[in-house]
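These are the residues of each chain, in order.
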Amino acid sequence: MRKKLRVAAYAICVRDGQLLLARSPAPGGGFEWVLPGGGMEHGEDPYDTVVREVDEETGYTVEPTGLLGIDSSHRTFPGRFGRSVDHHGVRLVYEARIVGGELRYEANGSTDMAAWHPMDAVPELIRVPMVDKGLSLWRERPAAGRIQAAGNQLGNQPGT
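Anyway, here's the lowdown on the structure attached to this text.

Cut-offs applied
Residues numbered from 1 in each chain as written. Predicted model: local features only at pLDDT ≥ 70, side-chain atom pairs only at ≥ 80, totals over all residues. Heavy atoms only, no water. Pairing = 2+ DSSP bridges. Helix = DSSP H or I, 4+ residues; strand = E, 2+ residues; numbered from the N terminus. Axes fitted to C-alpha atoms, helices over the stretch in contact; angles between N-to-C directions. Patch = residues over 30% accessible without salt bridge, like charges linked within 9 Å, V, L, I, M, F, W, Y side chains within 5 Å. Areas by Shrake-Rupley, 256 points an atom, 1.4 Å probe, with all protein chains shown as cover. Salt bridge = Lys/Arg side-chain N within 4 Å of Asp/Glu carboxyl O. Lys, Arg positive; Asp, Glu negative; His and termini not counted. Charge placed at Lys NZ, Arg CZ, Asp CG, Glu CD. Buried < 20%, exposed > 50% of the residue type's maximum accessible area, 1.4 Å probe, protein only. Contact = heavy atoms within 4.5 Å.

Observations concerning the sheet that holds strand β7 (residues 85–101)
Within a sheet, neighbouring strands are paired by backbone hydrogen bonds and run either parallel or antiparallel to one another.
Then comes step 1: Read from one edge of the open sheet, four strands run β5-β1-β7-β6, paired in mixed fashion. Sheet topology places β5 (37–39) and β6 (60–77) at the edges, where each strand pairs with a single neighbour. Pairs of neighbouring strands in the sheet enclose a mean axial angle of 15°, with direction left out of account.

Some details on a positive patch on the surface
Then comes step 1: The grouping of Arg2, Lys4, Arg6 and Arg83 at the surface amounts to a positive patch.
Then comes step 2: In this structure, Arg2 sits in strand β1 (residues 2–12).

Quick notes on unusual backbone geometry
The phi angle of most residues is negative, glycine excepted, and most peptide bonds adopt the trans form.
Then comes step 1: Unusually for a residue other than glycine, Asp16 sits at a positive phi of about 50°.
Then comes step 2: You can call Asp16 exposed: its relative accessible area is 75%.
Then comes step 3: Not every positive phi belongs to a glycine, and Asn108 is a case in point at roughly 55°.
Then comes step 4: Inspection of the secondary structure puts Asn108 in the loop between β7 and β8 (113–118).
Then comes step 5: Classification of Asn108 by relative accessible area gives exposed; the value is 86%.

Topic: the environment of Gly59
Then comes step 1: The topology assignment puts Gly59 in the loop between α1 (46–58) and β6.
Then comes step 2: Accessibility expressed as a relative area gives 9% for Gly59, which makes it buried.
Then comes step 3: When sequence neighbours within four positions are dropped, the list of residues in contact with Gly59 reads Val54, Gly100, Gly101, Glu102 and Arg104.

And the structure:
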């Protein structure tokens, strides 16, 4: 089994009651909305990753104003030649404010457009689960920097 670790950094940018999202091709066709951000390059600091990725995907220069939290996932995927991939994803979520630039679409990248969406319209969008996780971190601001899965909250487990 091949092991793979992917670290990424994403931004929650809220302005005037709207959330900044980027649009990405969805598996199987169509599109889905994602938080602006993406994979960390080797040797890059996550803070610099989120600044670079937001610029690439939206045209905006951002200033991260706080680390909201970390989301971690661990899954096994079928791989090539019958070899599975043990994938561990670590996603840092920053709150960020726009400090410059202008909204534009990414050319030849992982997204094809960016847009502001009213917060109350986000639940109606076709979006990746990370959008909801990021918004939960932004709304709840948990001291531990993570959202607990239902039924796994502190106090629900024996001995906690």
